[in-house]
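Listed below are the residues making up each chain.
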Amino acid sequence: KSQLVSMTSIYLAVKLYERHCLTVNMLTKLSRGLFSVDDIIDMERTILHALSWKVHPPTAICFIRDLFVLAPSSISQKNEKCYV
């Protein structure tokens with residue numbers, strides 16, 4: 001059971017903080033068939049429920065990064081030069 005919790009926690013962390021995708025099917029392959037897709041999804045639900053879904057509080061840095069993504073390229077290029 002601790003292996004399932006560990007794998008699911010890594011899966012949640014990757015979903016929240018990494019740009020690359022890690023699928024549940026990849027995790028089942030990594031577990032060498034020890035855990036099914038349903039096992040991982042159920043554990044994910046259990047972990048999120050235990051944490052009351054408080055897993056990704058917004059930060060000022062995240063807000064600014066997202067704001068620059070939405071800004072027109074001419075504005076964001078000018079601002080990048082100011083901070084470089």
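See above for the structure.
The rules behind these values
- Residues numbered from 1 in each chain as written.
- Predicted model: local features only at pLDDT ≥ 70, side-chain atom pairs only at ≥ 80, totals over all residues.
- Heavy atoms only, no water.
- Salt bridge = Lys/Arg side-chain N within 4 Å of Asp/Glu carboxyl O.
- Helix = DSSP H or I, 4+ residues; strand = E, 2+ residues; numbered from the N terminus.
- Buried < 20%, exposed > 50% of the residue type's maximum accessible area, 1.4 Å probe, protein only.

Enquirer: Before we go on, may I ask you to explain the pattern of salt bridges in this structure?
Expert: Opposite charge on two side chains permits them to pair, given that their charged atoms come into close proximity. By the definition in use, this model includes two salt bridges. Glu44 serves as the salt-bridge partner of Lys15, at 2.6 Å between the closest nitrogen and oxygen. Of the two residues, Lys15 is situated in helix H1 (residues 2-17) and Glu44 in helix H3 (residues 37-50); the sequence distance between them amounts to 29 residues. We classify Lys15 as partly exposed; its relative accessible area is 45%. As a salt-bridge pair, Asp42 and Arg45 come within 3.2 Å of each other at their nearest N and O atoms. With a gap of three residues between them, Asp42 and Arg45 both fall in helix H3, about one helical turn apart. The partly exposed category is assigned to Asp42, whose relative accessible area is 41%.

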